[in-house]
Amino acid sequence: MQRHDINPRVLFGGFLLAAQSFPQRPAIEVDGEAVTYAQLREQVLAIAVGLTRHRSGEGPPLTAALVHRSVAGFAGILGALCSGHGYVPMLPSLPPARIVLMLHRSGARSLVVDAAGQRVLDEVLDGVEHPLLVVLTEGEADEQLRARHPRHRLIGRDELSRGGADDWTPPAVGDDDVAYLLFTSGSTGEPKGVMVAHRNIARFLDVVVSRYSLRETDRFSHLFEITFDLSLFDMFAAWKVGGCLCVPNMKQRLLPNQYVLDSQLSVWFSVPSAALLMKQMRALTPGVFANLRLVLFCGEALPVGLAQAFAEAAPDAVLENIYGPTELTLACTHYRWSASSPAECENEVVPIGDPFDGMTVKVVDEELSEVAAGETGELLMSGPQRALGYWNDPERTAAAFMIPPGETELFYRTGDRVRRPLWGAPMTFLGRVDSQIKLNGYRVELGEIEAIMQREAGVDAAVALGWPKTPAGASGVVGFVVGVEQGDMDGVIDRMQEQLPRYMVPREIRVLEGFPLNQNGKIDRKALLGVLEGEDGD
Ligand code: AMP
């Protein structure tokens, strides 16, 4: 294997160095089939060379990845990185209109697709006005496909050079360059792209590799979609240490306990909602997960009962609740579960604990003044994991990343309400200061759903609420509008389905005669929630 001078601080560096140290170890396992580091590296570098050779040089250094849980798809993501670009993850299951919107907003001029991505490619390419270079990592670009899309340049798998690895040279990538651009729900009706730099994610990976002593024998779960930043832990922590990313198939995703055992996982990482399913299925029997040595939860509030049950199911594992928004690079606080933890929990939720090494915490009131220890306020954080801001959106960047009074560094306003800990106590999570919610772990701005519902229903105001509630957040959305006929609502839901990820589409939209108002004359969301809760109790 040709050895290159690899910078370990760039996101693909860890993978290439692990491929040199552990060429014959499994890097990915899909459906029980393992691909070694050496094999994956060949595919990755062939894609990187293909991208570099054929792209026009126009546009930002970003490559979109329209892939789903295949080896070729992971190779596409790594290939995009090894070509010197940041990657922009997209899922083939998203409505094509949303994929097109993200391609336009990111300005990406190249796209890697696997077989799943290829199935929706026609519809996507029809909607993209600027010319794209499309690399098919799993299929061929036949004449018909090319003829249908004369605006775009299509490169099939067979055209990628066989000796890719020999033709590859390390690209010039700086620590401050964007490693990935991740679109999250935006309150004004449009998703916003969080720019995360190589140095941000390198810092996160250094902290977790050392804190959890991650190593080449570890077998990592992969329950997150690539559009969720927590997926970067699974992929890039595994590939930094020479471990194996164990990708569950459909059946295993429905029976996660079987997946832990079949795949002999040593590291479990999920949102609490995924594990709640196991608890509901009574699969968390004491001692069942004897192989797990690390259990991490992140992404939404962790209910005490779930932590307790999981700790008993995996008695030899270290269990931690980690916390963080995409803008602070996956996770930036940690809390280790122990026998004395129940006494430290607030509202039946496990604390979020202390900041990661190097990160700074401030808990502030509405005037951004620090509150006293023991009081509650909004959490602001700064440090090496603070991301660069929002893509092409200086206004929203300036609003969310700001220098609080008396400070000199930029802090990110998380919008999360926490209790500033008294000495020796862990920080606790109390909810949001705005209308962002978690739907089965997915971050959703209710405002984004409301903006689209309002437009599609042709009304002046619309309200979306997370319902039904779950111990960690909500599992669905219910909409409310006034001033239209109930009969029109099915069509509205259909049109919303064409624009939003499935989990954001309301299950039902109710037409009211008028919205209940609170003392300030604002729509009373609590009263609407009360209506749903009342029905639930009936
Ligand atoms: P995302 O950017 O999708 O990772 O969502 C970030 C938001 O998820 C945070 O601002 C919190 O509201 C919530 N969150 C993440 N981790 C936790 C946690 N451990 N406990 C409670 N809420 C969390």
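These lines cover the structure that appears in this document, whether it is placed above or below. On a predicted model such as this, the values are computed, not experimentally measured, just so you know. Every chain is numbered on its own, with residues counted from 1 as its sequence reads. Local features are withheld for residues below a pLDDT of 70 in this predicted model, meaning they are given only at 70 or higher, and side-chain atom pairs are given and counted only at 80 or more; totals for whole chains, interfaces and linings count all residues. With hydrogens and water set aside, each side-chain value is computed from the structure's full complement of heavy atoms.

With that settled, consider the pairing of strand 3 (residues 62-66). Burial classes follow relative accessibility: with a 1.4 Å probe on protein chains only, a residue under 20% of its type's maximum area counts as buried, one over 50% as exposed, and anything between as partly exposed. We count a stretch as a helix when DSSP gives it H or I for four or more residues in a row; a strand needs E for two or more, and each element gets its number in order from the N terminus. The element strand 3 is largely enclosed, with a buried count of 5 among its 5 residues. Side chains Leu62, Ala64 and Leu66 project from strand 3 onto one buried face, and the interleaved Thr63 and Ala65 project onto a second face that is buried too. As paired strands, strand 3 and strand 4 (residues 86-90) are joined by 5 bridges and run parallel to one another. Bridge assignment links Leu66 to a residue of strand 4, and that residue is Met90. Convention used here: a crossover is right-handed provided that the path from the first strand, over the helix, to the second strand proceeds clockwise when the strands point away from the viewer. Between strand 3 and its parallel partner strand 4, the chain crosses via helix 3 (residues 71-82), and the hand of that crossover is right-handed. Any two strands with at least two DSSP-identified bridges between them are counted as paired. Summarising the sheet, strand 3 and strand 5 (residues 110-113) pair through 4 bridges and their orientation is parallel. Within strand 5, the residue paired with Ala64 across the bridge is Leu111.

Next up on the list: the site of the ligand. Here a residue is considered near a molecule or strand provided that any single heavy atom belonging to it is located within 4 Å of it. Residues in close proximity to the ligand total 19 residues, the closest being Ile322, Thr326, Asp416, Lys438 and Arg443. The backbone of Gly299 places a nitrogen or oxygen atom 3.0 Å from a nitrogen atom of the ligand. Under the rule applied, a polar contact is a pair of N or O atoms within 3.5 Å (in protein, one hydrogen donor and one hydrogen acceptor; residues adjacent in sequence only if both atoms are side-chain atoms). Take Arg432: an N or O atom from its side chain is 3.4 Å from an oxygen atom of the ligand. With the chains in place, 97% of the 500 Å² that the ligand exposes on its own is no longer accessible. Elements with a minimum of two residues in the shell around the ligand: strand 14 (318-323), strand 22 (428-432) and strand 23 (436-439). Per-element tally for the shell around the ligand: the top contributor is strand 14, with 3 residues. Under the grouping applied here, Gly and all other residues not named as nonpolar or charged are polar, the nonpolar ones being Ala, Val, Leu, Ile, Met, Phe, Trp, Tyr, Cys and Pro and the charged ones Asp, Glu, Lys and Arg. Among the residues forming the shell around the ligand, the class breakdown is 8 nonpolar, 5 polar and 6 charged. Note that the domain bounds reflect an automated or database-derived domain assignment. Lining the shell around the ligand are residues from two domains, each supplying at least three of them: domain 2 (200-361 + 420-432) and domain 3 (436-537). Areas reported here follow the Shrake-Rupley algorithm with a probe of radius 1.4 Å; residue values treat only the protein chains shown as occluding.

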